[in-house]
Amino acid sequence: MNLQSSVIEQLCRRQTSLAPYSTYAIGGEAGFLAEPETTEELITLYEAAFASGLPWYSFGMGSNLLFPDAPDPDLLFISLKRHCEIREQDGKWYVSAGTPMSLLSLIGLRGGDSRMELSFLLPGCLGAGIYMNAKYNQLQISELLDTVYYVDTSTEGLSVQSIHASACGFGYKQSIFQQKPWIIVGAKLNVDIAAEEQLLYASQLVHSWKTRGCHSSSLPQWFSYILGEVHALAGIGIPTPPAMLDIIKYRTSRHHFDAPSCGSVFKNNYDYGVAVGSLVEQLQLKGLSRGGAVISPYHGNMILNQNHASAADILYLMDVISEGIERKFGFLPEPEIVIV
């Protein structure tokens, strides 16, 4: 492809493996990959892609994505992992789309505000969390939001627009952003900034993430990084609250971060009333492997990259689970993972 845009040539890397950009550690070489750090840089990329006729795909930490083994060589992949910003806006927190959700829980911990604990150890960026209305137990990320900022890619100009959280159509792992050509660039939280020291701490967190945390989407490395920040807070006299300790215990007991994965592969069907993981266990599929992939022996709704799995290995096991659940329980489970 003959690129006309010098902007794309300057901001993109060529022939870059996608595997380090997904918690699955799966993905072939992207013909074009960019990591914008600001909303302005992101919009410039979109404008240049449109002008060049280059299709693109935006994503965050890659914690809910299965990249292809052989990506379209003319597809521009845009990672928002470095699009990390936390600042004050109208006395509340403004957080950019690429900011890891778990950093919010650390900021809440630093300020003595427990409302952001729900984001603790959710391995994804805020933009993706808003897109799918990420949840932990009965708490949803939408409960923290005041206003969401986005770019409508169907209109000329690509300016930043806003929508109040109440108009975002949030439901169980649903939002208006799943039906619109809108790219989330940030959000204002409905959480007050408690003190100036919180802002300083947020700035330090962003710097730490950009210099130490965001170089890989490896789940074990990410888990180690977040726990390191928790221990650092404990070292200055800010103890880890019981709710966060429970989250650590729950996720480690189920080996969530031991191997590359994307967490739950299918959404639970609340009309049926039994979690997909339990249905997989009833089908005696836990531990079933294909190539380098295996259905987790510890959690039936997780498929692990055990040994250099391919996307095809993951898709095969997903089909086995889908067909088994439809045959025995009468419904087809809806994937939670996004297949690129």
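As shown above, the structure is provided for reference.
So, here is what we can say about the structure in this document. (Residues numbered from 1 in each chain as written. Predicted model: local features only at pLDDT ≥ 70, side-chain atom pairs only at ≥ 80, totals over all residues. Heavy atoms only, no water.)

**Digging into the state of the cysteines**
Tallying each qualifying case throughout the model produces 0 disulfides. No disulfide involves C12; its sulfur sits 17 Å from the nearest other cysteine sulfur, which is in C214. Given the relative accessible area of 10%, C12 is considered buried. No disulfide involves C125; its sulfur sits 8.1 Å from the nearest other cysteine sulfur, which is in C84. (Disulfide = S-S within 2.5 Å. Buried < 20%, exposed > 50% of the residue type's maximum accessible area, 1.4 Å probe, protein only.)

**Side note on the pattern of salt bridges**
If you walk through the whole model with that rule in mind, you get 13 salt bridges. Here E35 and R13 are joined by a salt bridge, their closest N and O atoms 3.1 Å apart. Of this pair, E35 sits in the loop between β2 (29-34) and α2 (39-52) while R13 sits in strand β1 (residues 12-17), and the two are 22 residues apart along the sequence. With relative accessibility at 37%, the residue R13 sits in the partly exposed group. K188 serves as the salt-bridge partner of D90, at 3.3 Å between the closest nitrogen and oxygen. Separated by 98 residues along the polypeptide, D90 in the loop between β6 (86-89) and β7 (92-96) and K188 in strand β12 (residues 182-192) bring together distant segments of the chain. Take D90: its relative accessible area is 59%, and that puts it in the exposed class. Among the charged side chains, a network of salt bridges with common partners joins E37, R82 and K210. (Salt bridge = Lys/Arg side-chain N within 4 Å of Asp/Glu carboxyl O. Helix = DSSP H or I, 4+ residues; strand = E, 2+ residues; numbered from the N terminus.)

**So, α2**
With 14 residues, α2 ought to run about 20 Å at 1.5 Å a step, and its terminal C-alpha atoms sit 20 Å apart, in line with that. Downstream of α2 by a residue or two, G53 has a phi angle that is positive, lying close to 70 degrees. (Expected span 1.5 Å × (residues − 1).)

**Considerations on the packing of aromatic side chains**
In the structure shown here, the tally under the stated rule is 16 aromatic pairs. Between Y172 and Y270 the ring centres are 4.7 Å apart and the planes differ by 85 degrees, which places this aromatic pair in the edge-to-face class. Residue Y172 is located in the loop between β11 (160-164) and β12, and its partner Y270 is located in the loop between α7 (242-253) and α8 (276-282); the two are separated by 98 residues in the primary sequence. For Y172, a relative accessible area of 23% corresponds to the partly exposed category. One aromatic cluster is present, built from ring pairs that chain together Y57, F59, F67 and F77. Across from the ring centre of Y201, 5.8 Å away, lies the NZ or CZ of R110, which sits over that ring. Cation over ring: R290 sits above Y316, and NZ or CZ is 3.9 Å from the ring centre. (Phe/Tyr/Trp six-rings, centres within 6.5 Å; stacked < 30°, edge-to-face > 60°. Lys NZ or Arg CZ within 6 Å of the ring centre and 35° of its normal.)

**Section: the pairing of strand β5 (residues 76-79)**
Residues of β5 alternate between two faces, with L76 and I78 on one and F77 and S79 on the opposite face, all of them buried. The pairing of β2 with β5 spans 3 bridges and is classified as parallel. Within the sheet, the bridge partner assigned to A34 lies in β5 and is I78. (Pairing = 2+ DSSP bridges.)

**Describing the sheet that holds β11**
Here 5 strands make up an open sheet; going across it, the order is β6-β7-β12-β10-β11 and the pairing antiparallel. Both outer strands of the open sheet, β6 and β11, are each paired with one neighbouring strand and no more. With direction set aside, neighbouring strand axes in the sheet form an average angle of 30 degrees. As paired strands, β7 and β12 are joined by 4 bridges and run antiparallel to one another. (Axes fitted to C-alpha atoms, helices over the stretch in contact; angles between N-to-C directions.)

**Thoughts on the side chain of N305**
Within the secondary structure, N305 sits in strand β15 (residues 303-305). By relative accessible area, which is 5% here, N305 ends up buried. From its side chain, N305 meets the backbone nitrogen of H308 in a polar contact 3.2 Å long. Among residues more than four places away in sequence, those in contact with N305 are Y24, A25, I26, A259, P260 and G292. (Polar contact = N/O pair within 3.5 Å; in protein donor to acceptor, adjacent residues only side chain to side chain. Contact = heavy atoms within 4.5 Å.)

**Observations concerning the environment of E334**
Considering the arrangement of structural elements, one finds E334 in the loop between α9 (311-329) and β16 (338-339). Once the C-alpha coordinates of E334 and S322 are considered, the two residues, 12 residues apart in sequence, prove to be 8.5 Å apart. If sequence neighbours within four positions are ignored, E334 has contacts with F266 and K267.

**Re the environment of H83**
With respect to the element layout, H83 can be found in the loop between β5 and β6. Judged by its relative accessible area of 1%, H83 is buried. When the C-alpha atoms of H83 and V206 are compared, they prove to be 9.9 Å apart, with 123 residues separating the residues in sequence. Among the polar contacts made by the side chain of H83, one reaches the side chain of T39 at a distance of 3.0 Å.

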